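# Examination of the molecular architecture
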Amino acid sequence: MAAIISKLKSSTSSNPPSLESNPILQYFEVGQESSCAGPGLVWRVHDAYRKSDGKECSVFVFDKRIADKLYKPKRKDSILDRIKACVITLDNMRHPRMLQIIHSLEENNHTLAFASEWVFASLHNILAWHEATPPPPTTGSPVIPHQIILSPPTAQVIQTSAQQRPPYAREYHFLDIELRFGLLQIIEALNYLHYTARQIHRNICPQIIIVTKRGTWKLFGLEFVENINHDPLDMISVPPWSIKVAKICQPNLDYLAPEVQLSGHCNILSDMFSLGLIICALFNNGKSLLQTNNNPMLYLRQIEFLDQQVNEVLPDVPSGLQEAVQRLLSRDPHPRPTTQLLPLINFFKCQSEPAIQAMQFLDVITIKDFVQKGNYYRGPLLEALPFIPKKLRWQLIWPAILMEIKTPEVLASVLIPMMWITNEATPEEFEEFIMPALKSLEFQNLMNQTKTVPAVVTFMENLHIVMRKCSIEDINREILPLIYYAMDNSSSLVQTSSLIAIQNTADLLSDKVLHYVILGKVKTLLERNQSDVKVISLILGIYEKVLTRLERNHILEAVIPTLLAMRLSDPDIITRVVKLYKSMLVEKKFGLTTNVMATKMIPSLAPQTVNPTLSIEQFSSLMEILYDMLENINKYQRGKLKSENVVAPSPERRALRHQTSTDNVNAPPFNIPNLRVEQRKTSSAEDMARKNSVTAPPPTTSATGSATGFKSTGIGQWFFGSSNSTNNDSNFLRVASVFPNRRLSDNTLMTPKIKIAPSCASSPGGTPGSTTGLPTRRHSSIGPQERRGSAVNLSPPTGGSMPNTSSSVPFLLTSSMQSIRSRRPSACLSGSQGSSILQQISSGMVRHLPAGSHCNVPHAQQPWGTLQGATSAGYSALRHTAMAVRKCPSLNITLTR
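So, how was this worked out
- Residues numbered from 1 in each chain as written.
- Predicted model: local features only at pLDDT ≥ 70, side-chain atom pairs only at ≥ 80, totals over all residues.
- Heavy atoms only, no water.
- Phe/Tyr/Trp six-rings, centres within 6.5 Å; stacked < 30°, edge-to-face > 60°.
- Helix = DSSP H or I, 4+ residues; strand = E, 2+ residues; numbered from the N terminus.
- Buried < 20%, exposed > 50% of the residue type's maximum accessible area, 1.4 Å probe, protein only.
- Lys NZ or Arg CZ within 6 Å of the ring centre and 35° of its normal.
- Pairing = 2+ DSSP bridges.
- Contact = heavy atoms within 4.5 Å.
- Polar contact = N/O pair within 3.5 Å; in protein donor to acceptor, adjacent residues only side chain to side chain.
- Axes fitted to C-alpha atoms, helices over the stretch in contact; angles between N-to-C directions.
- Parallel < 35°, antiparallel > 145°, perpendicular 65-115°, else oblique.
- Left-handed = near helix turned anticlockwise from the far one by under 90°.
- Nonpolar A, V, L, I, M, F, W, Y, C, P; charged D, E, K, R; others polar.
- Core = buried A, V, L, I, M, F, W, Y, C linked by side-chain atoms within 4.5 Å.

One pass over the structure, following the stated rule, counts 15 aromatic pairs. Here the aromatic rings of Phe361 and Tyr376 are separated by 4.5 Å at their centres, their planes lie at 25°, and the arrangement is stacked. Residue Phe361 is found in helix α13 (residues 354-363), and its partner Tyr376 is found in helix α14 (residues 370-378); the two are separated by 15 residues along the sequence. Residue Phe361 is classed as partly exposed on the basis of its relative accessible area of 22%. Overall, the relative accessible area of 3% leaves Tyr376 in the buried class. Grouping aromatic residues by their ring pairs yields a cluster made of Trp43, Phe60, Phe62, Phe114 and Phe220. Its end group placed over the ring of Phe120, Arg170 keeps NZ or CZ at 4.3 Å from the ring centre.

Listed below in structure tokens is the structure:
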């Protein structure tokens, strides 16, 4: 902008003589003439800018001395009135497809002047340059030697034509999308003129089509318009072109419809014929199919051969436009398509493409509200930018963006396509166009305004795009202060956007800035937002990107304290912290001590092991890092203790519950405490079988020297699942090894069936006066609802001799072992049930002692009545009296204390 204004000032040091006294100079600085336009090119177009705001524009100047040359004063006044009416009509229309007037007509004695939007040239100026330039050879066609060697006369003609270009010719090369877009704009302007303003233009030609600096096409030159009174297709009488009238007072004969010249009538389809001739000129190197040289007779002669000329030009016209051109140039007006039908042909169907739609919307964006503008910049324009050529981005899109960045309500939306263009810009384009625009925004001031905070957030989130284009000086002078200011800002949105900017620009920041400024500000920022999950996540993202660039002191002083200050509740946050800790452990340069692990890192992670929101993978990762740290502590501490001659057992890491399966766990062997079966008494049938079989191995001998029977030490201890024996072999059954020919069923221990004889009322479990039998009692090894009776009598009879029960004891103990084997050793009898069984066994055996038994009683024999009075203490009473039954041959049982 400054360069353009300085250029204009240098060119306005001496204003055109015709403009010295025109009032328009009070409002505009007018530069040199750049182009010309209007009927007969009577309007001289000058580059200018508005003094009030520096807006770039163009000033159209008409020199009245041109009208003075007319030989009739009435025609002079007529042309002046037409020119004034044209400007006034345009100013009143304010249609986006018509030339925009920004300052109304000003007049003095010598000139008429008005100001418009910034104009590049008229279409006539551009086509004049192409017409004066020889077309390049067709790409891909074979080169023939005689085509390269030109004869001297031909070479002279081409050189002369290139040197004799008109002074108003302007070089401009249209892209295909520009031609589509430009023609659509003229069609829309004519549609407005025909159906809304209800006027016929009558002078559609390249001289009245204006190409702006943005690349848009605008309609101009309303000097010869005719109003439509009824149907637009109705013919209106108009004078034909005549040599008796000055050419500036008549439409352009080279683009005139045949019905006007032949019959003196026209309608809206006459303008469509002129448009068809313009289309042919665009694809005919700028030349019109009618070259009349302002001669009506030559026009009539050429119009007869128009169809032939059209057929010659059609191969150069795009295929989607050929049929439309043939119909537009029909001598009969009826086949010509109207402005309502022409946009529907194949050539213009591309208007549904995002690029065409986006460019069309820009022409009417000034009349849209803030919401519509914001939606356009965020949506359609951003989608269309990849399809818009770079030339049009700077000509059409960029000026619109510069205009909108001054509006706070749409600034955030405008910055989005602005950043896209910045990313695609070259370093030269960035320095020339983008960086000055960014500096003018003053983002530090925008951070303190509520309306512009979203714009600041948008800019900070895309700051990495700008930094890649900036020089080091611009980064240090413009970008870094902006980041620091955003991190210290009180707005949470601005703070969050600053963290995003740091995360995106971490690779572009120097180590000095990162170590001494950014880490400290990040730590401070977390202290103010300890529970903000988004802030925590962004800070973790920064650490993940810059971790390898940090040193040990940065980890201990900045990173770990920041991680410890975080409130770990979100599973994703926990997982990311775990990954950071793992990276710190792997990196040797950080040198994390076991003290840091034990006092800081592990205490912060350990409570999360019971976090119910963790998945199995997250939990496994957490436990793994904890085990790794504990392993490091173990190795260090063990090495330290060994160096101090202290031996510590090596702890075994217990496998996690989910890492093991119960199918692989071997159950420990079932041990019956204090029971050893040496040999059982055999029946006569078994003795006969043994005699007929191989001689069995000799029976084992017990500690007491007995060859038969079995030894049970501490029956009370056996029932309660405890053992004080020092002989480990006494805890196992040794049946299979002693009797190899023994059946498996013979080794099965059955459930004991115990019945107490009704000897007296004091017998445990007995019923006084009962003569029929013993009460049935439930055994502890059977179900609660199953009750079993006992057929074995362990109680002494009330009279007579004691029966020999030795033959029933093996069955008794065999069944007892089977019931006990179904119980764990620790599953002891408890309460009165256990003591009751013990009382019955002890009382039954004690009662066998007096009457002629072979038991050796070391103490004095006591009367039966004394022993009969034993209470529920049972076995305890025997212990207090120091009584022991060493051996009872009738039962084959030895009891020891």
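So, about the pairing of strand β8 (residues 209-212). Where burial is concerned, the two faces of β8 agree: the one with Ile209 and Val211 and the one with Ile210 and Thr212 are both buried. Pairing of strand β6 (residues 119-122) with β8 involves three bridges; the strand directions are antiparallel. Counted as the bridge partner of Val119 is Thr212 from β8. Relative to strand β9 (residues 217-219), β8 runs antiparallel, the two being bridged by three bridges. Pairing of Ile210 across the sheet is with Lys218, part of β9. What sits between the antiparallel neighbours β8 and β9 is a turn of four residues, in which Gly215 has the positive phi angle 90°.

This part is about the pairing of strand β5 (residues 111-116). Where burial is concerned, most of β5 is hidden: six out of the six residues are buried. Side chains of β5 alternate between two faces, with Thr111, Ala113 and Ala115 and Leu112, Phe114 and Ser116 buried alike. Looking at chain direction, strand β4 (residues 101-107) and β5 are connected through four bridges and run antiparallel. Within the sheet, the bridge partner assigned to Ile101 lies in β5 and is Ser116. Following β4, the chain reverses through three residues before pairing antiparallel with β5.

Another aspect to go through is the environment of Ser288. Summarising the element assignment, Ser288 is placed in the loop between α9 (268-282) and α10 (296-304). Taking relative accessible area as the criterion, Ser288 reaches 7% and is therefore assigned buried. Here Ser288 is in contact with Asp254, Tyr255 and Ala281, once residues within four sequence places are set aside. Reaching out from Ser288, the side chain makes a polar contact with the backbone oxygen of Asp254 at a distance of 3.4 Å.

Our focus in this paragraph is the packing of helix α22 (residues 472-487) against helix α24 (residues 511-528). It is at 10 Å that the axes of α22 and α24 come closest, and there the two elements cross at 20°. One finds that α22 runs roughly parallel with respect to α24. Remark: the crossing between α22 and α24 carries left-handed chirality. Contact residues: α22 offers Leu480, Tyr484 and Met487, while α24 offers Val513, Val517, Ile518, Lys521, Val522, Leu525 and Arg528. Residue classes in the contact of α22 with α24 are distributed as eight nonpolar, no polar and two charged.

Formed by 201 residues in total, the largest nonpolar core has its most connected members in Trp43, Leu321, Leu438, Phe459, Met584 and Leu605. Setting aside chain neighbours within four positions, we find Phe459 in contact with Leu415, Met419, Leu438, Phe443, Val466 and Leu482. Ranked by size, the runner-up nonpolar core spans 11 residues in total, among them Leu25, Phe28, Val30 and Ala48.

Further remarks concern the packing of helix α25 (residues 533-546) against helix α26 (residues 552-565). Running from N to C, α25 and α26 cross one another at 150°; their axes reach a closest spacing of 12 Å. The angle between α25 and α26 falls in the class roughly antiparallel. For the element pair α25 and α26, the recorded crossing hand is left-handed. Mapping the contact onto sequence places Ile539, Leu540 and Tyr543 in α25 and Ala558, Val559, Thr562 and Leu563 in α26. For the contact of α25 with α26, a count of residues per class yields six nonpolar, one polar and no charged.

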